[in-house]
Amino acid sequence: MAVFTMDMVLFRKWTEEGWFALQVDENISMDNLNQLLDWHRPFIIRTVSNYTGRYISVENDEEYSIALSAFAEAVERFNPEKGKFLSYVKLVIESRLTSHFRKKNREPQSVSLDALYESGMDFTDYNPAISEEQDNITEEIEIFKSDLALFGMTLDSLADTAPKHRDTRQMSFVIAETTSRDTPTVELTYRKRNLPIRQVARLASVTEKIVKGNKHYITGVLIVFVRRLNYFIDWIRGGR
């Protein structure tokens, strides 16, 4: 395991994740946990806030406490040969939050599924009696809800704005799928928290009017492809 010292910090740089340290030989170990927590606290808060789609109170939010435990877990298990530290921290935090919401929110699942069905997705193959499938579906729903929140959307709002006609849904699906393959456009969409209508129209070879008229649905399906929510992809393909 690499051994770094905090007094060898070179400088800070602003990124979308917040302020983080560009460091040489940072001591990523449990012995240095408190110092690492102090240094990366803004990153932890930003990660939880992005996941939940709301402001996080460090004094009162259960999700923040879960993130702190996840951070400690990441420090303990981090292997520098397998990637960047903060990328691994983000992965662990989001995984623990997903598990938390999955256990906490089993009751609203049927409501979520109804809203998704209203948006044109086919759930005829869903079998709640199969616990593993149920867990996977619930996890995907939580991820989907979290990303929708980044764009100011909910499952219900997605259902309300979904195209009523099958042909329009199918066209929107193709537009979203095409857009998902273009990394610069995906990055711009997430960075601006808004679908770049002109850019998407050019990629999909359709008019800006079509993209603008189905903006919310295209954004929702785009999230499904970007996040690789396989159950959702199958459902959309069946219900489009």
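Residues numbered from 1 in each chain as written. Predicted model: local features only at pLDDT ≥ 70, side-chain atom pairs only at ≥ 80, totals over all residues. Heavy atoms only, no water.

Observations concerning the packing of helix α7 (residues 166-180) against helix α11 (residues 215-226)
Contact geometry for α7 and α11: axes closest at 8 Å, N-to-C directions at 45°. Considering the angle they form, α7 stands oblique to α11. Relative to α11, the crossing made by α7 is right-handed. Contacts between α7 and α11 pair Arg-169, Ser-172, Phe-173, Ile-175, Ala-176, Glu-177, Thr-179 and Ser-180 from the former with Tyr-217, Ile-218, Val-221, Leu-222, Phe-225 and Val-226 from the latter. Taken together, the residues of the contact of α7 with α11 sort by class into nine nonpolar, three polar and two charged. (Axes fitted to C-alpha atoms, helices over the stretch in contact; angles between N-to-C directions. Helix = DSSP H or I, 4+ residues; strand = E, 2+ residues; numbered from the N terminus. Parallel < 35°, antiparallel > 145°, perpendicular 65-115°, else oblique. Left-handed = near helix turned anticlockwise from the far one by under 90°. Contact = heavy atoms within 4.5 Å. Nonpolar A, V, L, I, M, F, W, Y, C, P; charged D, E, K, R; others polar.)

A look at α11
Spanning 12 residues, α11 covers 16 Å between terminal C-alpha atoms, matching the ideal 16 Å at 1.5 Å per step. Within α11, the full set of buried residues consists of Tyr-217, Ile-218, Thr-219, Gly-220, Val-221, Leu-222, Ile-223, Val-224 and Phe-225. After α11 finishes, the residue Arg-228 shows a positive phi value of roughly 55°. (Expected span 1.5 Å × (residues − 1). Buried < 20%, exposed > 50% of the residue type's maximum accessible area, 1.4 Å probe, protein only.)

Brief notes about helix α9 (residues 197-204)
Taken together, the buried positions of α9 are Val-200, Ala-201 and Ala-204. Along the axis of α9, the buried positions cluster into a sector of 100°, meaning they face one direction only. Downstream of α9 by a residue or two, Ser-205 has a phi angle that is positive, lying close to 60°. (Arc of directions from axis to C-beta.)

Let's talk about the confidence of the model for the chain
For the chain, per-residue confidence averages 76 on the pLDDT scale, and residues scoring 70 or more make up 73% of the total. The secondary-structure element of the chain with the lowest mean pLDDT is strand β1 (residues 9-15), recorded at 34, while α9 shows the highest, at 96. Low confidence marks residues 1-25, where pLDDT is under 50. Its contacts with residues over four positions away, or in another chain, come to 49 contacts. Segment residues 106-114 is flagged for pLDDT under 50; beyond a separation of four residues in sequence, or across chains, it makes 13 contacts in the model. (pLDDT = per-residue confidence, 0-100.)

Section: the packing of helix α8 (residues 183-192) against α9
Packing of α8 against α9 brings their axes to within 11 Å, and their N-to-C directions diverge by 155°. One element, α8, and the other, α9, form an angle in the roughly antiparallel class. Relative to α9, the crossing made by α8 is left-handed. For the pair formed by α8 and α9, the contact residues are Pro-184, Thr-185 and Leu-188 on the first element and Gln-199, Val-200 and Leu-203 on the second.

Some words on the environment of Leu-150
Relative to the helices and strands, Leu-150 is located in helix α5 (residues 131-150). Residues Leu-150 and Gly-53, 97 residues apart in the sequence, show an inter-C-alpha distance of 5.7 Å. Not counting chain neighbours up to four residues away, the residues in contact with Leu-150 comprise Asn-50, Tyr-190 and Arg-193.

So, the environment of Glu-63
Relative to the assigned elements, Glu-63 resides in helix α2 (residues 62-77). Between the alpha carbons of Glu-63 and Thr-52 there is a distance of 8.6 Å; along the sequence they are 11 residues apart.

Focus on the packing of aromatic side chains
Throughout the structure, instances matching the rule amount to six aromatic pairs. Aromatic side chains Phe-78 and Tyr-88 sit 6.2 Å apart centroid to centroid with 40° between the ring planes, which places their arrangement in the tilted category. On the criterion of sequence distance, the pair formed by Phe-78 in the loop between α2 and α3 (85-104) and Tyr-88 in helix α3 is long-range, its members being 10 residues apart. Exposure remark for Tyr-88: the relative accessible area of 21% places this residue in the partly exposed category. Ring centres 5.3 Å apart and planes at 70° place the aromatic pair Phe-173 and Phe-225 in the edge-to-face group. Separated by 52 residues along the polypeptide, Phe-173 in helix α7 and Phe-225 in helix α11 bring together distant segments of the chain. As far as the burial class goes, Phe-173 and Phe-225 line up, both buried. The rings of Phe-71, Phe-78, Phe-85 and Tyr-88 are connected pair by pair, giving a single aromatic cluster. (Phe/Tyr/Trp six-rings, centres within 6.5 Å; stacked < 30°, edge-to-face > 60°.)

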